[in-house]
Structure formats: C-alpha cells, structure tokens
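Each chain, written out:
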Amino acid sequence: METQELKQEAIKVEPAKVKKMMLILSKATIDNVYACFILANGARMEGIEAEIFFTFFGLEAVQKEKIEHLHVATVGNPAMHIPTLLGGLPGMEAFATNMMKKEMEKLDIPPVGEFIEILEASGVKLWACKLAMDMFHLERKDLVDEISEVITVGDFYHRAEGDNTHLMFI
Amino acid sequence: METTIAGKTVKINDQGYLTDLNDWSREVATALAEEEGITLKDEHWPVLEYLQNEHKQETALSIRKVGKSGVVDIKGFYALFPGGPLKKASRIAGIPKPASCI
C-alpha cells in the first residue's frame, strides 16, 4: 500500500457559525407569531438558512381565513399589566392587538400576511404539521400558498440534519 | 482606520464598512463586492444607488423597504447579494451597516 505523505496543516480554530435555524411555531398569539417570523427573517438576513414548522395552534398563522385575525392574549398575560377581569371584557383583545399593530407598523414590521410573503421570497421554507392538520380537520387548500408541503415531525427532523443546525420551539 | 481599496486610500470601520461615502467609487464598490464573493453586473448598480439615496435621506433601511422600492423585489435582492443581502449590499454601496431586524 502506498503511503501518502501527510502535509501538516495548521489547524485553524474558528467559532462554528450557525448554519440553519429550524423554528417550530406552536402558538397563534400574535406576539409569538411575530417572534418566530422575525427570528426566521433575521436568520436569512445574516445568510443563515431558516425553516418554520407550523404545528398545533401555530397553524392559525398560515390559515387563509385566520391570518388577519390573530390576537395578543389579554387574559393570563401578566405582561399586559391590566387586571385579568378587564382583559376578559369583550373587545379587549382586539383593542390591545390594534394598539400593538399600530406600534409595529411604525417600526416597519409588516402585517402577518405580508410577512409570510416576505419570508417565502427570502427563501424561508414553510411546513405544516400533518398530525395537527388532521386534528383540526384542515386541508391543504385552507393554508396559504407559501406553505411548501404538509409533513410529519419526522420529515422535519430529517431536514434538520447537518452541522450547526439549531431547533427552536416557540 | 485607513486602508487601500482599488488603489485608493479610504476610511473604514472595524467591520469593513466605509465611514465616508465620499470615498466611494464604482471601482471601490467592485473591490468590496469581490471581497463579498460578488461580481457586480448591470443589475447591481440601480440597487446600490437606491441604497445610497435612502441613506442620504436618512431612511432606516429594511428588507421590506427594499422590496417595496420598485428597484428590486425581495427574491431578486437575495439573488443579487446572496448570504445577507442588506448588510452586504450596504457595505458595497459604502453606507453604514443597517441596524434593522426586518
């Protein structure tokens, strides 16, 4: 057997860079939806790959009929700093959500529907969870066009293969 | 600090962004683009020009704004400046690194 002369190379140790963010969105309160979208978009802006798996209530964020009706929670949300009883009054959620949306527009944060278009155009892959779709009796046609496919959690894990991939549950 | 780009002495910050837009020229842009692994073509220049104009008007830049500019759409922006379009395009355009999260 021929032995090859090994060239000793100086080992350069560089900190491992994040290559891919795999985000799982399981909630439909608007603050969680935005957190997920901003993380995905922010990743793409840094040259990091990003994918989102919409599961359970997270599916509301990609349902054509529900997309513009997502709310912030005014009950059971201590960060709202309003008494729980007041938060439960009819219209409170819509009111608080409108206030929040106005502030977000000032910061150039797009509405949910437009944000999904931006994510898709930026190369973020969007997936819907099969089990949750079955549970909520949803069909592909109920979801926005930007969803690539309905997949299983196993499929999603396979897509997370490779070094420096991070999974995040929201 | 000062450095030489395309045979010209220019002032840059520690992240390699020009600190004075007056130092910018097409030659400097071409050299900066090469550092980012991008060969500038005809389609790149209108985008760079747009970014410079927005900067001069002190507009906070974002991907969304670029997408709505009518100069390039978001898909096209990512295609022209792969791997972080806003920060790369800003560097090539000679303007500061945008602090935007959107």
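For the structure itself, look to the data block above.
Now for a look at the structure at hand. In this text, all values refer to a predicted model and were calculated from it rather than measured experimentally.

Each value, and the rule that gives it
For every chain, the first residue of the written sequence is number 1, and numbering continues from 1 onward in sequence order. Starting at A for chains and at 1 for ligands, labels are handed out in the order in which the entities are written. Residues qualify for local features only when their pLDDT is at least 70, as the model is predicted, and side-chain atom pairs are given and counted only at 80 or more; totals for whole chains, interfaces and linings, by contrast, use all residues. Strands here mean DSSP runs of E at least two residues long; helices mean DSSP runs of H or I at least four residues long; both are numbered from the N terminus. The reference for a compact globule is 2.2 Å times residues^0.38; the radius of gyration itself is calculated from the C-alpha atoms. Burial is judged by counting the other C-beta atoms within 10 Å of a residue's own C-beta: 20 or more makes it buried, 12 or fewer makes it exposed, and any count in between marks it as partly exposed, with every C-beta position built from the backbone. Once C-beta atoms have been placed from the backbone, residue pairs whose C-beta atoms lie within 7 Å are recorded as contacts. For two strands to pair, DSSP has to find at least two bridges joining them. Orienting the strands away from the viewer, one traces the path from the first strand over the helix to the second; a clockwise path indicates a right-handed crossover. Each nonpolar core reported here comprises buried Ala, Val, Leu, Ile, Met, Phe, Trp, Tyr and Cys residues connected via C-beta atoms within 7 Å. All axes here are fitted lines through C-alpha atoms, helices being fitted over the stretch that makes contact, and every angle between N-to-C directions spans 0 to 180 degrees.

## Some thoughts on the overall build of chain A
Tallying secondary structure elements over chain A gives six helices and five strands in all. For chain A, the succession of helices and strands along the chain, N to C, is β-α-β-α-α-α-β-α-β-α-β. Computed over C-alpha atoms, the radius of gyration of chain A comes to 20 Å, more than 25% over the 15 Å expected from 2.2 N^0.38 for 170 residues, which places it beyond the range of a compact globule. Across the 170 residues in chain A, those meeting the buried criterion constitute 26%. Partitioning the contacts of chain A with sequence separation of at least 6, the portion at a separation of at least 24 is 71%.

## Some points on the interface of chain B and chain A
Facing the 14 residues of chain B at the interface are 13 residues of chain A. Going through the elements one at a time, helix 3 (63-68) and helix 4 (74-80) of chain B are the ones with two or more residues in the side of chain B that touches chain A. No other element matches helix 3 of chain B, which puts four residues into the side of chain B that touches chain A.

## Let's talk about the pairing of strand 3 (residues 125-129) of chain A
Working note: regular strand, side chains alternate between the two faces of the sheet. All names here are of chain A. Counting buried residues in strand 3 gives four out of five residues, a clear majority hidden from the surface. In this structure, strand 2 (residues 49-54) lies alongside strand 3, joined through four bridges in parallel fashion. Looking at strand 3, one finds that F54 is bridged to A128. Where strand 3 lies against strand 4 (residues 149-151), three bridges are found, and the strand directions are parallel. Note on strand 4: the bridge partner recorded for W127 is E149. Taken together, strand 3, helix 5 (residues 130-135) and strand 4 form a β-α-β motif whose crossover is right-handed.

## Brief notes about the nonpolar core
Residues and elements named next belong to chain A. Judged by nonpolar contacts, the single largest core of 59 residues is most densely connected at L23, V33, A40, I52 and F54. With seven residues, the single largest contributor to this core is helix 1 (residues 30-45). Discounting chain neighbours no more than four positions away, the residues touching F54 are L25, L59, A61, V62, L126, W127, A128 and C129.

## Details of the sheet that holds strand 1 (residues 20-25) of chain A
Residue and element names in this part refer to chain A. Spatially, 4-3-2-1-5 is the arrangement adopted by the five strands of the open sheet, whose pairing is parallel. Looking along the sheet, the strands with just one partner apiece sit at the ends: strand 4 and strand 5 (165-169). Averaged over all neighbouring strand pairs, the angle between strand axes comes to 25°, with direction disregarded. Across the sheet, helix 1 is in contact with strand 1 and strand 2; its angle to strand 1 comes to roughly 165°.

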